[in-house]
Amino acid sequence: MSYRIRLSNHLPNVAALSNVLQRFNAQEPVELVAAFEQAVCKATGAAFAVAVNSGTSALHLSLKALGVRSGDTVIVPTFTYVATVNPVLYLGAVPIFVDCEPDTWNMDPALLKKALTDLQRQGRLPRAIVVVHTYGTPALMNELEHVAAFFGVPLLEDAAEAIGARHHGRMAGTLGELGILSFNTNKIVTTFGGGCVLCRTEKTAQKISFWAAQAREDTWYYEHREVGYNYRMNPLAAAYGLGQLPYMEQWVERRRDAFRIYLHHFEKQGAQSPLDRPQTKANRWMSSFWFPRANPALLVMELRRYGIESRPLWKPLHAQPVFKDHTAYLNGEAERLFGGGICLPSYPSVVEEVTRVIRQIIV
Ligand SMILES: *Cc1c(COP(=O)(O)O)cnc(C)c1O
């Protein structure tokens, strides 16, 4: 069945793509990728950006750049999309899950501290901590950074969902030692498959580009001293992204508008949602709500009957069969959210209608 109202109302922008291609006519295709990387730096304030073929690839190479190797531990949130954690396993490392706090729905700094204290005692301090701004709401970065710095473990920022979100004047993706963005089809800015790593130093950016292009040494013949990957961004994707990035701020504002209207309507239902705290700006990638008296399975099914697409909140990763053997530091928050929340279509024109349906279901 196809939905009348989708989670997002993105339609391919052919005119913008065609303008970009005309501008780059007769240039080498790689120039499109270089221009996209520069545009990402300009839009986010990052020092260096390396464009790759997905956010997942970006995470894989970032973890590698932070020195994650087989047998290492890596701390990850449990309340996130599976792509945050899969690259840890690609490297043969061991994820350790940490639950979220009720304000932003992101990693709980107190639990992170507990996990790091235990791991230090066991002589297994993690090589990295992956922080996610889930649904586009900035995590408690100051607190997390404080804990991470105390133990000397670098933060990798998975800002796949958080392009355009801000924290104390800085853009999501530029707050950690390394950060990644995703340009997957369902994200706010898309290239229909793509991602990038945001780096602080040119040296790291070059290393990541090198791995992404099959680790080919700079010699006149084919020379390889390391294992590489075929992760470079496709120039057509870069061209599409160049046509999309100028709309970033505008689209973030529309998502925030949609969220505000929902919030106003759901007050009476006692709904909870990730909190924009002082000096943060969530991009509201998804309008996500938790209701005290809701059954998410029923909500999703009922909305579907009206042709409205919705999704349950993340099922915690520590509870996924594929990760069942890994250590988790839990406080019950992620399980609670999964038990009572959903993500709703996130553009203003449909909010009134979606709200009306939900209020019929939850009274
Ligand atoms: C989308 C997403 C990714 C992966 O990005 P892809 O471009 O789809 O590979 C990683 N982490 C989070 C939190 C995401 O939402």
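Rules and cut-offs
Residues numbered from 1 in each chain as written. Predicted model: local features only at pLDDT ≥ 70, side-chain atom pairs only at ≥ 80, totals over all residues. Heavy atoms only, no water. Helix = DSSP H or I, 4+ residues; strand = E, 2+ residues; numbered from the N terminus. Rg over C-alpha atoms; globule rule 2.2 N^0.38 Å. Buried < 20%, exposed > 50% of the residue type's maximum accessible area, 1.4 Å probe, protein only. Contact = heavy atoms within 4.5 Å. Areas by Shrake-Rupley, 256 points an atom, 1.4 Å probe, with all protein chains shown as cover. Pairing = 2+ DSSP bridges. Axes fitted to C-alpha atoms, helices over the stretch in contact; angles between N-to-C directions. Near = heavy atom within 4 Å. Polar contact = N/O pair within 3.5 Å; in protein donor to acceptor, adjacent residues only side chain to side chain. Nonpolar A, V, L, I, M, F, W, Y, C, P; charged D, E, K, R; others polar. Phe/Tyr/Trp six-rings, centres within 6.5 Å; stacked < 30°, edge-to-face > 60°.

A. Representation of the overall build of the protein within the structure. The helix and strand inventory of the protein stands at 12 helices and 14 strands. What you see for the protein is a C-alpha radius of gyration of 21 Å, in line with the 21 Å of a compact globule of 363 residues. Overall, the C-alpha framework of the protein stretches about 70 × 60 × 40 Å when taken along its three principal axes. A burial count over the protein gives 54% of its 363 residues as buried. Counting only contacts in the protein whose residues sit at least 6 apart along the sequence, the fraction spanning at least 24 positions is 71%. Summing over all exposed atoms, the protein offers an accessible surface of approximately 16,100 Å²; the carbon and sulfur share of this is 53%.

B. Expanded view of the sheet that holds strand β5 (residues 155-158). The 8 strands are arranged β1-β9-β8-β5-β4-β2-β3-β13 in an open sheet whose pairing can be described as mixed. Where the open sheet ends on each side, the last strands, each with one partner, are β1 (48-52) and β13 (328-329). Packed onto the sheet, helix α7 (residues 202-212) meets β1, β8 (178-182) and β9 (195-199) and runs at close to 10° relative to β1.

C. Layout of the site of the ligand. The environment of the ligand is formed by 16 residues, the closest being G55, T56, E161, S182 and K187. One of the side-chain nitrogen or oxygen atoms of S182 is found 2.7 Å away from an oxygen atom of the ligand. A total of 380 Å² of accessible area belongs to the ligand in isolation, and the protein chains cover 93% of it. Counting residues per element, the shell around the ligand draws most heavily on helix α3 (residues 55-65), which supplies 3 residues. Of the residues belonging to the shell around the ligand, the class tally is 5 nonpolar, 8 polar and 3 charged.

D. Region of the structure containing the sheet that holds strand β10 (residues 280-281). Across the sheet, 3 strands lie side by side as β7-β6-β10; this open sheet has antiparallel pairing. Each of the sheet's edge strands pairs with one partner strand only, and the pair in question is β7 (170-171) and β10. Sheet analysis places strand β6 (residues 166-167) next to β10, joined by 2 bridges and oriented antiparallel. When the sheet's bridge partners are listed, H167 is paired in β10 with T280.

E. Examining the environment of S346 more closely. You can see S346 is positioned in the loop between β14 (341-344) and α12 (351-361). Overall, S346 belongs to the buried group, its relative accessible area being 2%. Spatially, the C-alpha atoms of S346 and A258 are 5.7 Å apart, while their sequence positions differ by 88 residues. S346 has contacts with L7, R255, A258, R284, W285, M286 and S287, leaving out every residue within four places of it along the chain. At 3.1 Å, the side chain of S346 forms a polar contact with the backbone nitrogen of S287.

F. Expanded view of unusual backbone geometry. Look at A26: it is not a glycine, yet its phi comes out positive at around 75°. Here A26 shows up in the loop between α1 (14-23) and α2 (29-44). Judged by relative accessible area, A26 falls into the exposed class, the value being 81%. With a phi angle near 50°, R284 is a residue other than glycine that sits in the positive phi range. Along the chain, R284 falls in the loop between β10 and β11 (287-290). Taking relative accessible area as the criterion, R284 reaches 6% and is therefore assigned buried.

G. Representation of the packing of aromatic side chains within the structure. Going through the model one piece at a time under the given rule, you end up with 18 aromatic pairs. Both rings, one in F79 and one in W105, keep their centres 6.2 Å apart while their planes meet at 80°; by these two values the pair is edge-to-face. Of the two residues, F79 sits in the loop between β2 (73-77) and α4 (86-90) while W105 sits in the loop between β3 (94-98) and α5 (109-121), which places them 26 residues apart along the sequence. Judged by its relative accessible area of 2%, F79 is buried. Between F79 and Y135 the ring centres are 6.2 Å apart and the planes differ by 75°, which places this aromatic pair in the edge-to-face class. Separated by 56 residues along the polypeptide, F79 in the loop between β2 and α4 and Y135 in the loop between β4 (128-132) and α6 (141-151) bring together distant segments of the chain. With respect to burial, F79 and Y135 carry one shared label: buried.

H. Structural view of α3. Of all the 11 residues making up α3, 8 are buried; the element is thus mostly covered by neighbouring parts of the structure. Those residues of α3 that sit buried are G55, S57, A58, L59, H60, L61, S62 and L63. Residue S54 occupies the N-cap position of α3, its side-chain oxygen lying 3.3 Å from the main-chain nitrogen of T56. Just past α3, the residue G67 takes up positive phi, approximately 90°.

I. Structural view of the pairing of β2. Summarising burial for β2: 5 of the 5 residues are buried, a large majority. Direction of pairing for β2 relative to β3: parallel, over a ladder of 5 bridges. Bridging from a neighbouring strand, T73 pairs with V94 of β3. The pairing of β2 with β4 spans 2 bridges and is classified as parallel. The residue of β4 that forms the bridge with I75 is I129.

All we've got here are geometric facts, nothing functional implied.
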